[in-house]
Amino acid sequence: MGGGGGAGDQNNNYGGAGGNGGGIIYLLCYSTISGSGQINSNGDNGISTNSSGTDGAGGGGGGGTIFLDATGLISGVTANANGGNGGNQSVAIFESETE
């Protein structure tokens with residue numbers, strides 16, 4: 001099972017939440033598994049920051065687990081358990097004046 005992504009730093013309350021991890025899929029079949037479809041257990045993307053600043057974006061959730069248990073052949077089916085992308089951070093350039 002995929003773990004959730006870490007939340008971004010939120011000192012100024014603008015950070016992003018981490019994405020949910022993918023779940024568990026256990027498919028028990030007493031025959032064959034075939035077709036042209038997909039079985040997905042992907043993690044969600046992290047949430048981007050919503051303001052220019054110093055807070056961080058959330059991390060992507062981990063990919064899940066897919067277990068196909070069949071007494072016959074498994075063919076033509078695509079199984080995906082990909083992790084999510086981390087969120088984007090809006091970066092502002094902070095300048096300070098020196099006297």
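For the structure itself, look to the data block above.
Remember, it's a predicted structure, so these values are computed and weren't measured experimentally.

Participant: Help me understand the environment of I39, please; the structure alone is not making it clear to me.
Facilitator: With respect to the helices and strands, I39 occurs in strand 3 (residues 38–40). A relative accessible area of 16% means that I39 is categorised as buried. Excluding anything up to four places from it in sequence, I39 contacts I25, L27, I66, L68, V77, T78, A79 and N80.

Participant: What is the right way to read the side chain of N80 from this model?
Facilitator: Relative to the assigned elements, N80 resides in strand 6 (residues 78–80). With residues up to four places along the chain from it excluded, the contact list for N80 reads Q38, I39, N40, S41, N42 and I66.

Participant: I keep staring at the packing of aromatic side chains and nothing clicks. Help me out?
Facilitator: The full count for this structure, using the stated rule, is one aromatic pair. Judged by centre distance (5.1 Å) and plane angle (5 degrees), the ring pair of Y26 and F67 falls under stacked. Here Y26 is found in strand 1 (residues 24–29), whereas its partner F67 is found in strand 4 (residues 65–70), with 41 residues between them in sequence.

About the criteria used
- Residues numbered from 1 in each chain as written.
- Predicted model: local features only at pLDDT ≥ 70, side-chain atom pairs only at ≥ 80, totals over all residues.
- Heavy atoms only, no water.
- Helix = DSSP H or I, 4+ residues; strand = E, 2+ residues; numbered from the N terminus.
- Buried < 20%, exposed > 50% of the residue type's maximum accessible area, 1.4 Å probe, protein only.
- Contact = heavy atoms within 4.5 Å.
- Phe/Tyr/Trp six-rings, centres within 6.5 Å; stacked < 30°, edge-to-face > 60°.

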